[in-house]
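Summary of structural features
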Amino acid sequence: ADVLDFDEATSVAAEEPLGIPPVPPGLASGGGRNAEDVAPLASGPLALRLAETLAAAVTTPPPKCQWNACRAIGQVYRSPGFLAEGAPHCSHAHSVLLEALGGSMAGSANMKVRIQAAQALTQLPEGRHLWTPIAS
């Protein structure tokens, strides 16, 4: 292991803090989506950002990542607090997740992804507040 002096260590840390690349794997150029495509997701309520990120991941190759995103959506639906009545933007987050799962179940080329999307749909919550139309 190399021993760096303080100035070298701070310049390396400024480039990649704690060895973490500035753009997550799979989001760099050539990995399906660009970092610029992810930037709009960086603002807004946490629940909505999570829903939009998972919805985008459902359609982003490779299939294993799509399968994981569908599974994560199912786990979000099983979480009692995430889409609880009164939670900010829960209806909009629900519609984003539901649209992503429906599209994946109907249109994914990979059968395992389609099955996982259907499995996630079995976790849909029954809260009446999630099934009323939202204003556009």
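Residues numbered from 1 in each chain as written. Predicted model: local features only at pLDDT ≥ 70, side-chain atom pairs only at ≥ 80, totals over all residues. Heavy atoms only, no water.

1. Overview of helix 6 (residues 111–121)
Along helix 6, the positions that sit buried rather than exposed are Val113, Gln116, Ala117 and Ala120. What you see down the axis of helix 6 is that its buried residues fit within an arc of 105°, all on one side. Exposed residues on helix 6 whose side chains face more than 90 degrees from its buried face are Met111 and Ile115. Buried positions along helix 6 lie against helix 4 (63–78) and helix 5 (90–107). (Buried < 20%, exposed > 50% of the residue type's maximum accessible area, 1.4 Å probe, protein only. Helix = DSSP H or I, 4+ residues; strand = E, 2+ residues; numbered from the N terminus. Arc of directions from axis to C-beta. Contact = heavy atoms within 4.5 Å.)

2. A short note on the nonpolar core
In terms of nonpolar packing, the biggest core is built from 22 residues, with Ile73, Leu97 and Leu101 touching the most fellow members. Breaking this core down by element, the ones donating at least two residues are helix 3 (46–58), helix 4, helix 5 and helix 6. Apart from residues lying up to four places away in sequence, leucine 97 is in contact with Ala51, Leu54, Ile73, Val76, Tyr77 and Phe82. (Core = buried A, V, L, I, M, F, W, Y, C linked by side-chain atoms within 4.5 Å.)

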